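Results of the structural survey
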Amino acid sequence: MSQQATTLFIDPDGYRLGLVERGRGSIIDLSVQGNGDGQGTADWHELAKAIREACRQSRYTGNELMLALPSSWCLCATIRIDDLPRRGRREAMVYRLEDYLPVAAESAVMDFTGASDEVLGVAVALDKLQPLIEPLESAGFAIRSITPSALWELHATGELAGAHHRWLAYQRFGSIEL
């Protein structure tokens, strides 16, 4: 059985679909009008159809999808966790991160990375994600995970292995990702 992974990259200049099978990967530029800002649900429905067609043409049968979002969609903050109780820690982390963000915890999807006294919390407002997720799920895709593109690429290239960076920035598609 082959291992397949599909990543949808939402970029300021459009959409790319990353397909990986048996350790080999390819990137497909999706010819869907839009600039990754989610203006209107028709744009997202077109995108879901284009992803399904690209997978079919590539003989790619996976239905799990990872979303790699532009940093402009993500709200981030570093939070201290060494003083939080072990029991209920995740919930406490969510509410601590909320103190640094312009959205309520109930209005965002949040996750954390890091394993020391401080972690990086990343949040995306649900009103930004929901119009995208519904058409993808209607097209038969299961959203496996959501990550900032910058973190996806740093993990994929091994740049984060053992690193303890406070700030990372790189240029891509005419914009700076943090």
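No experiment lies behind these values; they were computed from the predicted model shown.

**Things to note about helix α2 (residues 89–98)**
Count 3.6 residues to each turn of an α-helix, and residues three or four apart come out pointing the same way. Within α2, burial applies to Arg89, Met93, Val94 and Leu97. Each buried residue of α2 lies within a common arc of 145° when the element is viewed along its axis, so the set occupies one face. Elements in contact with the buried residues of α2: β5 (74–80), β6 (108–113) and β7 (118–125).

**As for the nonpolar core**
Residues Leu8, Ile10, Ile51, Leu67, Leu69, Leu132 and Leu136 are the most contacted members of the largest nonpolar core, which totals 25 residues. Among the secondary structure elements, those contributing two or more residues to this core are β1 (4–11), β2 (14–21), α1 (41–57), β4 (64–69), β7 and α3 (126–138). When residues in this core are grouped by element, the largest group, six residues, is from α1. If you look at the next biggest cluster of nonpolar residues, it comprises 14 residues, including Ile79, Leu101, Ala105 and Phe112.

**Focus: the pattern of salt bridges**
All chains considered together, the criterion is met by four salt bridges. The partner of Glu53 in a salt bridge is Arg56, and the shortest N-O contact between them spans 2.5 Å. Taken together, the residues Glu53 and Arg56, both in helix α1 and three residues apart, mark about one turn of the helix. Here Arg80 and Asp82 are joined by a salt bridge, their closest N and O atoms 2.6 Å apart. Under the relative-accessibility criterion, Arg80 is labelled partly exposed at 40%. Looking at Asp82, the relative accessible area reads 40%, which means it is partly exposed. Each of Arg80, Asp82 and Glu118 takes part in salt bridges that share partners, so that together they form one network.

**Section: the confidence of the model for the protein chain**
Low pLDDT means the predicted coordinates in that region are not meant to be read closely. This prediction gives the protein chain a mean pLDDT of 77; 70% of its residues lie at or above 70. The secondary structure element of the protein chain with the lowest average pLDDT is strand β9 (residues 170–172), at 51, and the one with the highest is α2, at 94.

**Observations regarding the sheet that holds β5**
Remark on secondary structure: sheet strands pair via backbone hydrogen bonds, oriented parallel or antiparallel. One open sheet accounts for three strands, arranged β5-β7-β6; its pairing is antiparallel. A strand with exactly one partner marks an edge of an open sheet, and here the two such strands are β5 and β6. Recorded for the sheet is a direction-independent mean angle of 25° between the axes of neighbouring strands. Two strands pair when backbone bridges link them, and β5 and β7 are joined in this way by seven bridges, in the antiparallel orientation. If you follow Thr78 over to β7, its bridge partner there is Leu120. The sheet strands contacting α2 are β5, β6 and β7, and the helix crosses β6 at an angle near 110°.

**A closer look at the environment of Arg89**
With respect to the helices, strands and loops of the structure, Arg89 is situated in helix α2. Sequence-distant contacts of Arg89, that is, excluding residues within four places in its chain, are made with Ile81 and Leu84. Polar side-chain contacts of Arg89 include one of 3.4 Å to the backbone oxygen of Ile81.

**Describing the packing of aromatic side chains**
To describe a pair of aromatic rings, one takes the distance between the centres and the angle between the planes. Tallied over the full model, the rule gives one aromatic pair. Aromatic pair Trp44 and Trp73: ring centres 6.2 Å apart, planes at 85°, arrangement edge-to-face. With a gap of 29 residues between them, Trp44 in helix α1 and Trp73 in the loop between β4 and β5 connect regions that are remote in the sequence. Summarising the burial analysis for this pair, Trp44 and Trp73 share the class buried. Above the ring of Phe141, the side-chain terminus of Arg52 is found at 4.0 Å from the ring centroid.

Definitions and limits used
Residues numbered from 1 in each chain as written. Predicted model: local features only at pLDDT ≥ 70, side-chain atom pairs only at ≥ 80, totals over all residues. Heavy atoms only, no water. Buried < 20%, exposed > 50% of the residue type's maximum accessible area, 1.4 Å probe, protein only. Helix = DSSP H or I, 4+ residues; strand = E, 2+ residues; numbered from the N terminus. Arc of directions from axis to C-beta. Contact = heavy atoms within 4.5 Å. Core = buried A, V, L, I, M, F, W, Y, C linked by side-chain atoms within 4.5 Å. Salt bridge = Lys/Arg side-chain N within 4 Å of Asp/Glu carboxyl O. pLDDT = per-residue confidence, 0-100. Pairing = 2+ DSSP bridges. Axes fitted to C-alpha atoms, helices over the stretch in contact; angles between N-to-C directions. Polar contact = N/O pair within 3.5 Å; in protein donor to acceptor, adjacent residues only side chain to side chain. Phe/Tyr/Trp six-rings, centres within 6.5 Å; stacked < 30°, edge-to-face > 60°. Lys NZ or Arg CZ within 6 Å of the ring centre and 35° of its normal.

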